[in-house]
Amino acid sequence: MQPFETVCPAESATDQLGKRIADAAQPCDVIALVGTLGAGKTRLVQAISVALGNTAESITSPTFVLVNEYTAGRMPVYHFDVYRLKDDDEFLELGSDEYFDGDGVTLIEWGDRVEHLLPERASVVKIDIGANDVRRVVISGPLSERLTITTK
Ligand code: ADP
Ligand code: MG
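Residues numbered from 1 in each chain as written. Chains lettered and ligands numbered in written order. Predicted model: local features only at pLDDT ≥ 70, side-chain atom pairs only at ≥ 80, totals over all residues.

> Can you walk me through the overall build of the protein in this structure?
Each helix and strand in the protein was counted, giving five helices and seven strands. Counting helices and strands in the order they occur from the N terminus, the protein gives β-α-β-α-β-β-α-α-β-β-β-α. Relative to the globule expectation of 15 Å for 152 residues, the C-alpha radius of gyration of the protein, 14 Å, shows essentially globular dimensions. Buried positions account for 41% of the 152 residues belonging to the protein. Contacts in the protein between residues at least 24 apart in sequence constitute 64% of all its contacts with a sequence separation of at least 6. (Helix = DSSP H or I, 4+ residues; strand = E, 2+ residues; numbered from the N terminus. Rg over C-alpha atoms; globule rule 2.2 N^0.38 Å. Buried ≥ 20, exposed ≤ 12 C-beta atoms within 10 Å, placed from the backbone. Contact = placed C-beta atoms within 7 Å.)

> I tried to follow the packing of helix α1 (residues 11-24) against helix α2 (residues 41-51) on my own but got confused; where do I start?
Two packed helices can be described by the angle between their axes and the distance between those axes. Close contact between α1 and α2 brings their axes to 7 Å; oriented N to C, the two are set at 55 degrees. With respect to α2, the axis of α1 lies oblique. Crossing of α1 against α2: the hand is right-handed. Two secondary-structure elements touch here, α1 through Glu-11, Thr-14, Asp-15, Leu-17, Gly-18, Lys-19, Ile-21 and Ala-22 and α2 through Arg-43, Leu-44, Ala-47, Ile-48, Val-50 and Ala-51. For the contact of α1 with α2, the class distribution of residues is eight nonpolar, two polar and four charged. (Axes fitted to C-alpha atoms, helices over the stretch in contact; angles between N-to-C directions. Parallel < 35°, antiparallel > 145°, perpendicular 65-115°, else oblique. Left-handed = near helix turned anticlockwise from the far one by under 90°. Nonpolar A, V, L, I, M, F, W, Y, C, P; charged D, E, K, R; others polar.)

> Honestly, the environment of Gly-141 in this entry has me stumped. Any pointers?
On the secondary structure map, Gly-141 appears in the loop between β7 (135-140) and α5 (142-151). As a C-alpha pair, Gly-141 and Val-30 span 111 residues in sequence and 10.0 Å in three-dimensional space. In contact with Gly-141, other than residues within four places in its own chain, are Ala-122, Ser-123 and Val-124.

> Hey, could you run me through the site of ligand 1 in this one?
Inspection of the region around ligand 1 gives 16 residues, with Thr-14, Gly-40, Lys-41, Thr-42 and Arg-43 positioned closest. For the shell around ligand 1, the elements supplying multiple residues, two or more each, are α1 and α2. Partitioning the shell around ligand 1 into residue classes produces five nonpolar, five polar and six charged. (Near = placed C-beta within 6 Å.)

Structure follows, in structure tokens:
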């Protein structure tokens, strides 16, 4: 399966990508967001969550609580940020497995750090900052399959 690749030259493009991901997302989706500090992981979570019907203001990086839930939209969003995670146990104790099998979509910033704790069906969204701050986004896994199909 080929990854889905796109570029976001401006935040408006990130909002459009967020809408496409929101339209393609299904309950029990687990999406790892991978990229350096400032790559745009939180910004993309915001774009996806707003497209699902949440307000932009409600979306903040769950740095200290590690997980936020946005439930005002048509599908819940479970937003993890595992940057400050101490160890695997801390992630499991948050109830990660229940979130994965819940009614919503799970988005995990720094998801590569807990890759071994994610289900096999997890998708990966890799964001890199290129020249002129353009974001290069490469999506692999079941989500990429659905995005590729809707492109055609
Ligand atoms: P991360 O969560 O990966 O650390 P953030 O989403 O918090 O990154 O921050 C990304 C920053 O980059 C934001 O301040 C945002 O305004 C800026 N930015 C500039 N261009 C883009 C773009 N095309 N897509 C997303 N964010 C962008
Ligand atoms: Mg962030």
